[in-house]
Protein chains: 2
Amino acid sequence: MARDERFMPPWTESPPPPGSFRSILKWGGPTEFKHPNRRLYELMKQVFGLTDDDFRARTNTGEMPVAVQQPSRFTAETLADLAAIVGEENVKVDDWSRASVCYGKTMVDVMRLRAGVIENPPDAVVDPRNADDVRRLVEYCNEHRIPIVAFGAGSGVTQGSECVRGGISLRMSTHMKRILSVDPVNQTATVEPGIYGPELEQMLNEAPERFGAPHRYTCGHFPQSFEYSSVGGWVVTRGAGQNSTYYGKIEHLVISQKYVTPVGDVVTVDIPAKATGPDIDQIMIGSEGAYGILVEVTLKLYRYAPENRRRFSFVFRDWESGVEACREIMQGEFGFPSVFRLSDPEETDVAFKLYGVEGTPLEPILAWLGYKPMERCLLLGHTDGDKDLGKLIQRKIRRICRRHGALYATGYVTKRWEHGRFRDPYMREDLGDFGIMLDTLECGVNWANLHHVWSSVREVCHARPGTVCMSHASHFYPQGTNLYFIFIARMDDLEEYKAYQASILDAIQRSGATMSHHHGIGRMTAPWLEAQIGTNQLNVFRALKRHFDPNDIMNPGGTLALDLPEDEARSAT
Amino acid sequence: MARDERFMPPWTESPPPPGSFRSILKWGGPTEFKHPNRRLYELMKQVFGLTDDDFRARTNTGEMPVAVQQPSRFTAETLADLAAIVGEENVKVDDWSRASVCYGKTMVDVMRLRAGVIENPPDAVVDPRNADDVRRLVEYCNEHRIPIVAFGAGSGVTQGSECVRGGISLRMSTHMKRILSVDPVNQTATVEPGIYGPELEQMLNEAPERFGAPHRYTCGHFPQSFEYSSVGGWVVTRGAGQNSTYYGKIEHLVISQKYVTPVGDVVTVDIPAKATGPDIDQIMIGSEGAYGILVEVTLKLYRYAPENRRRFSFVFRDWESGVEACREIMQGEFGFPSVFRLSDPEETDVAFKLYGVEGTPLEPILAWLGYKPMERCLLLGHTDGDKDLGKLIQRKIRRICRRHGALYATGYVTKRWEHGRFRDPYMREDLGDFGIMLDTLECGVNWANLHHVWSSVREVCHARPGTVCMSHASHFYPQGTNLYFIFIARMDDLEEYKAYQASILDAIQRSGATMSHHHGIGRMTAPWLEAQIGTNQLNVFRALKRHFDPNDIMNPGGTLALDLPEDEARSAT
C-alpha cells in the first residue's frame, strides 16, 4: 500500500523540555504521544474552515522554563517547622514544584500553562511520608492558619487543587502510595490515597503471587484518566470509571476510610452495611479536601477475569431508539454490562473516523440499510464478571437492541475503543499546538429528563459557530445515566473560553441535570452548585465545613462553593 | 388421622378488648393469630423445664383499659394553635391515642404494656394532612420549643418514637399515605412516608391498571414487619427487607427525598448518581427523626415477576461450611439471590420444627447422611429478577453448595418459610401470655470477623441458663453479611430483661460488629453507639444536629445518642 504523502501537521514527537510549562501540561508520560489520524485532521480543517497552512507552525507550546511570579510567603521558621515534621527533603519551594501542583487538566489550566501563567501557587509543596505526617501537618496548619490542599495525580478537571490562598500543597503520590493490605476473605484492599490506577491494578491482578490470595483481583475503577489519577482523587471527587455500569462509582466501591481533619481523625469500619445513623463514608466521599485529608481507604475488590469478557457493538437508526434500548437493558434485571457507551450522532460520526469504521465496506452497507450519517448512533460495550452471566447479558442486550432496530456491529469497534480508551486525551496537546481547544463537561440525568438536557445543552454548545459537540452516555443505572459533552473549537483565548464554558454550565444548571456525575465540583463548577442543589442543601455542606474545619484551612477558597464570595454564585434564570 | 388430643395451652383466639393495653401490644390485626405448633410447644417445655401446668393460665395479658398517668401538659391555647394548623379532628389528647404512639414492638415495650405502664407519652397526637401541615407544625414547635416525634406504624424495635420529653407525636400514617406519582420512564414511585408496605406493594403490583404503566412493579422491600411498617420507618431507620441481598437495603432503594427541618426543607433530586459533594440522601436516611420529618420519598421500582422466582434450600454439615459457601456465592459475580438466609445449628433445629421437616422421612435420611442435629445448617432462599438470570443463579448456587458438602433440600422449605415470613412474630403474644420472652438483636459484620461475632455474642446469650439463642445471616454482600440473634427465655421481669439485653449489646459492641445492620439505633441502642462508631464520628452527627435542629426539638432525648446524658454511654472494655 502506497504511503500517504499528503500533508500532516508537525505533531510533537519530542518530550517536553524538563522544567518547562509544557512538562506540566503534557498528558501522559514525556515520551508518550498519540496524534489525530488523517480522518480527524481532515474533519477539523473542514469544520473549522482551516487549511494545511494553519497547521504548519505550532504556537503557544509552553516550552519555556517555568517561572512563578509570587515568591513563597513562608518564613524560614515555617519551612524549618515543616521540615521538622516531614524531613527537609520533603519540603519544596522551587518554582517548578510549586507550579506543578496547582493545576489539573481542564482547558483553563492548559491554556494558562501554555501562556506561562501560574496563578495560585502554594507557598510550599510537602510530601508526607505517612498518615502521622499528615496528622502533624494538619495540626500545625490549623494552629498557624495555613491553608492545606491535597494533590493527587493532577488530572482533575475542576480546578480542585488550586491553592487560591497559598499555603501547602500536600503531594500524596510521592510516598503515600502503598497497598497496606489485601484481605482475601473480605475481598478488600486497604491502600494509601496516592497510589495511581495502573500500579494498584497490576498489584491486584497479581494478588496470588504478591499477597498469597486465592484469586486475581481488579479494582473495577477505570476512568479515562486511569494512567494519571490516584485513588485519593477518585474518592474525594466521587469519580466513576468507564466500567461503572457494572462495578459502580467510587462511592459504591469504597467500604471504609480514614481522614485526618482539624478536629481529629474520621474513621469508618469495613462492614458492608449498617443502620447506625447517617452514612459518614458518604459525607467524606466527594468532600474534595474541604473537610479533611484522605489517608487510607479500603476498597471492595472484584475478580480479575478478562477472559470472560463479551464484547458487542450496535448501530441504531437514531438517538431516541438507542436511548430507549439502553433504558430497557438497564431496567431488565438480567445483570448489567460493564463498559456501556452510547454515542449521539455527532460523536458516532467522529467515532467512526477514530475507530476505523469510516472508509471500510461497513459504511456503505450501513447507509444502504438506513443507518444514516449524523442520525445513526453507536452503542459499544462489554461485560465483566462470571462467564455465563456475561453470555446471558450479551444475549439479552442483543435481543433488545434488535427490537429497537439496531444492527449488530460485532466486538471490533469495542476493541478499537479499548485500545484508545486511556490514550485519546493525548491528542489534546497536538490540537492545542494549533489553537484548537478540546474540553469536556458532564452531568447526571434521569431518563425522563435526558432528551431535554441533551438537546438544550447541545443547543448552547452549538450556538458558537464552528464548534463540534459530541455527546455520549457512559454510566448507566436503572433510573438514568450521565451525559458527557465534548466540545472542540478553534479558540485560544482564555477569557473567550471561560465565557463559553460558563454558558454551557448555565445550560446544564437550567436543564435540571446535576452539575456533575463524576468529575466533582472543585472551584470551576462551584458558582453553579448552590442554584443546582439548593441553598438549604448547600447549608448542610457548610455546617459540616464549620464542624471539620472551623479555621477554613482545608482546601479553602471556593471549593464546593463552601466559602465562595456571594457575587460569584450563578443562578439559572 | 386421629386428632391430637394432647394438651395445648389456651392460646388467645379473641381480639384484644378495644381501648386496652393489649390492643396496642398485639402484633397483627385484631383478629389475626398464629400459634406455636406442637413441636415448638414441646421444645419450650423441654428447654425451660416447664410442664403443661405452667401453660394453663395466661398472665399479664394487658387486657385492662389503657390509662395514662401523666396528663397532657399542653394548654388550651397550644391545643387551639395546633387545631388551627391541622384541624381540630386531627389533634388527640385521649389516653389511648397518647399511649398508642409512644412504643414500638421491642420486648421492653411489650413488657411495659403488659404491666400497664405508659412511660413518655406525648402531650398530643397530631395527624398532619400533608407536607404543608408538617412544615407549619415544625415551625410552631421550633418557635415554642415543643418536641416533635414522628410515628409511623409502631413496629420499631429501638424505642425510637418514645416521647421522652413529651410534645407532639406526629402520626404519619393517618393521612400522609398517598402514592403521589409513579414514573414508568424512570421506574420510580414518589410516596408519602405514612404508607404501609402492603398497600404500597399492591398499588405497584397493579401499576398497569392504576397508573397506566407498562409493567407491574414491586418495591423490593419486605422486612419481617412488612404488614405493620411504613415507608417512612424503613427510610429513617436504614431498614432492610428480607430480599435485600438482591434489592438492597432501603438506602439503596431511595432515589430522592424531602424532609421538613427547623431550618427549612431539605430536598434532593431524583437522579441516580452525582458528584456534587457529600451525599445528602445518605445523611438524612438513618437520621431517625432527629434532623427532620420525612414528608416525601422517591423509590426505585423493580419489575414484579414472582413467576420467575426459583426457590432452593440446602442443608450443610456445619455452620463453617455454610458460611464459606455463602461467601463464595456472594463473591462469584453471577448475580445475587433475593431471599438468602443461612441458619445456624440452633436455629436450624427450630426451623425444622416450624417448617415441618422434623417428623418427616427427610429427618432420618439427613442424620444417616451425616447432617446431624445441632450441627447441620439450613440455607434457604429464592431468586428475583429476570427468569434466565434466576435459573443461572440457582444453578451456580447449587454447584457451590454441593462443593461445600451440602444436600439440596428442594424449594419446599423456602415455601414454608415464605408462608410464615410475616406472621411468625404473631406467636410472641402467645409466648408472652405464659411469661416467655422472645426478642431479637442484630448487627452487621464482615466475613473475616463473622465467626468471632457469632460465637462471642452467642456465648453471652447462653450465659443465662435455659435460654434459646437462634442465629442467622439473612442480608448478604460480597464483603460480609448481618447476624441476627433471636433469644427466647422464660423471663417476665423488665429489669432482668434490660440487664440481659444490655449484656448482649455489650457483647456486640466488643465484638467489632456494627450496633445494627437494619433496625437502627433509637434510644435503646444509643448508649452503645459512641463507643462503636467512635467519638469523632458521633461528633459529625452532633454537628448536623446543631445545624438542623438548634433548639433540640426533633425527636429529642437520646435518639442516635445525640443528646444522651454522658453517664448513660456504655463503653466496651
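What you are looking at is a predicted structure, and each value in this text was computed from that prediction instead of being measured.

**Brief notes about the interface of chain B and chain A**
Taken together, the contacts link 85 residues of chain B with 85 residues of chain A. In total, about 6300 Å² of surface goes out of reach between chain B and chain A, with carbon and sulfur atoms giving 58% of it. For the pair chain B and chain A, the interface holds six salt bridges. Across the pair Arg 395 of chain B and Asp 388 of chain A runs a salt bridge whose closest N-O atoms are separated by 3.7 Å. At the boundary of chain B with chain A, the tally comes to 40 residue pairs in polar contact (both at pLDDT 80 or more). When residues of the side of chain B that touches chain A are assigned to their parent elements, the largest contribution, ten residues, is made by helix H22 (residues 535-548) of chain B. A class-by-class count of the residues in the side of chain B that touches chain A yields 38 nonpolar, 30 polar and 17 charged.

**Description of the packing of aromatic side chains**
Where two aromatic rings form a pair, the distance of their centres and the angle of their planes describe that pair. Residue and element names in this part refer to chain A. For the coordinates displayed, the defined rule picks out 40 aromatic pairs over all chains. Through successive ring pairs, a cluster of aromatic residues spans Phe 312, Phe 314, Phe 340, Tyr 408, Trp 447 and Phe 476. The ring of Tyr 426 is capped by Lys 26, whose NZ or CZ atom sits 5.6 Å from the centre of that ring.

**A few points about the sheet that holds strand E13 (residues 339-343) of chain A**
Residue and element names in this part refer to chain A. Strand order in the open sheet made by the seven strands is E15-E12-E14-E13-E17-E18-E16, with antiparallel pairing throughout. A single partner strand is all that each edge strand has here, and the edge strands are strand E15 (407-408) and strand E16 (436-446). For strand E12 (residues 311-316) and E15, the ladder comprises two bridges, and the chain directions are antiparallel. Paired with Phe 314 across the bridge in E15 is Tyr 408. Taken strand by strand, helix H17 (residues 412-420) contacts E12, E13 and strand E14 (377-382), and its axis lies near 75 degrees from that of E14. This element, helix H19 (residues 447-463), spans E16, strand E17 (467-473) and strand E18 (480-490) of the sheet and lies at about 10 degrees to E18.

**Structural notes on the confidence of the model for chain A**
Low pLDDT means the predicted coordinates in that region are not meant to be read closely. For chain A, per-residue confidence averages 95 on the pLDDT scale, and residues scoring 70 or more make up 99% of the total. Across the interfaces of the predicted complex, the ipTM metric reaches 0.97, alongside a pTM of 0.97.

**Observations regarding a nonpolar patch on the surface**
Taken together, the side chains of Ile 365, Trp 368 and Leu 369 of chain A make up a nonpolar region of the molecular surface, amounting to roughly 360 Å² of accessible area. Along the chain, Ile 365 of chain A falls in helix H15 (residues 362-368).

**Let's talk about the packing of helix H13 (residues 319-330) of chain A against H19 of chain A**
All names here are of chain A. At a minimum axis separation of 11 Å, H13 and H19 run at an interaxial angle of 155 degrees. Classified by the angle between their axes, H13 and H19 sit roughly antiparallel to one another. For the element pair H13 and H19, the recorded crossing hand is right-handed. Each of Trp 319, Glu 320, Val 323, Cys 326, Arg 327 and Met 330 in H13 lies in contact with H19, whose residues at this interface are Trp 447, Leu 450, His 451 and Trp 454. Counted by class, the contact of H13 with H19 contains seven nonpolar, one polar and two charged residues.

**Topic: the environment of Gln 532 of chain A**
Topologically, Gln 532 of chain A is positioned in helix H21 (residues 526-533). Judged by relative accessible area, Gln 532 of chain A falls into the buried class, the value being 13%. Put simply, Gln 532 of chain A and Gly 512 of chain A are 20 residues apart on the chain and 7.6 Å apart in space, counted from C-alpha to C-alpha. Excluding anything up to four places from it in sequence, Gln 532 of chain A contacts Gln 509, Ala 513, Thr 514 and Met 515 of chain A together with Val 269 and Thr 276 of chain B. Here the side chain of Gln 532 of chain A touches Met 515 of chain A through a polar contact of 2.8 Å, landing on its backbone nitrogen.

**Considering the sheet that holds strand E5 (residues 179-183) of chain A**
Residues and elements named next belong to chain A. Pairing within the open sheet is antiparallel, and its five strands lie in the order E5-E6-E10-E8-E9. Every other strand in the sheet has two partners, leaving E5 and strand E9 (264-267) as the edge strands with one partner each. Strand-to-strand, the axes of this sheet are offset by a mean angle of 10 degrees, without reference to chain direction. Examined bridge by bridge, strand E6 (residues 188-191) and strand E10 (residues 293-300) share four bridges and lie antiparallel to one another. Bridging across to E10, Val 191 finds its partner in Val 297. Here helix H6 (residues 131-144) sits on the sheet in contact with strand E8 (254-261), E9 and E10, set at roughly 40 degrees to E8.

**Some remarks on the relation of the copies chain B and chain A**
Mapping chain B onto chain A is achieved by rotating through 180 degrees and translating by 0.0 Å along the same axis, at an RMSD of 0.0 Å. When the rotation and shift are considered jointly, the pair of chain copies conforms to a two-fold rotation axis. Of the residues that chain B buries at the interface, 100% are likewise interface residues in chain A, meaning the two copies contact each other through the same surface.

**A closer look at the packing of helix H20 (residues 494-511) of chain B against helix H21 (residues 526-533) of chain B**
Residue and element names in this part refer to chain B. Two elements in contact, H20 and H21, have axes separated by 10 Å at closest approach and are oriented at 15 degrees. Here H20 is positioned roughly parallel relative to H21, judged by the angle of their axes. Between H20 and H21 lies a crossing whose hand is right-handed. Together, Ala 502, Leu 505, Asp 506 and Gln 509 of H20 and Trp 528, Ala 531 and Gln 532 of H21 make up the contact between the two elements. The class makeup of the residues in the contact of H20 with H21 is four nonpolar, two polar and one charged.

Conventions adopted
- Residues numbered from 1 in each chain as written.
- Chains lettered and ligands numbered in written order.
- Predicted model: local features only at pLDDT ≥ 70, side-chain atom pairs only at ≥ 80, totals over all residues.
- Heavy atoms only, no water.
- Contact = heavy atoms within 4.5 Å.
- Buried area = accessible area lost by both parts, 1.4 Å probe.
- Salt bridge = Lys/Arg side-chain N within 4 Å of Asp/Glu carboxyl O.
- Polar contact = N/O pair within 3.5 Å; in protein donor to acceptor, adjacent residues only side chain to side chain.
- Helix = DSSP H or I, 4+ residues; strand = E, 2+ residues; numbered from the N terminus.
- Nonpolar A, V, L, I, M, F, W, Y, C, P; charged D, E, K, R; others polar.
- Phe/Tyr/Trp six-rings, centres within 6.5 Å; stacked < 30°, edge-to-face > 60°.
- Lys NZ or Arg CZ within 6 Å of the ring centre and 35° of its normal.
- Pairing = 2+ DSSP bridges.
- Axes fitted to C-alpha atoms, helices over the stretch in contact; angles between N-to-C directions.
- pLDDT = per-residue confidence, 0-100.
- Patch = residues over 30% accessible without salt bridge, like charges linked within 9 Å, V, L, I, M, F, W, Y side chains within 5 Å.
- Areas by Shrake-Rupley, 256 points an atom, 1.4 Å probe, with all protein chains shown as cover.
- Parallel < 35°, antiparallel > 145°, perpendicular 65-115°, else oblique.
- Left-handed = near helix turned anticlockwise from the far one by under 90°.
- Buried < 20%, exposed > 50% of the residue type's maximum accessible area, 1.4 Å probe, protein only.
- Least-squares fit on C-alpha atoms with pLDDT ≥ 70 in both.

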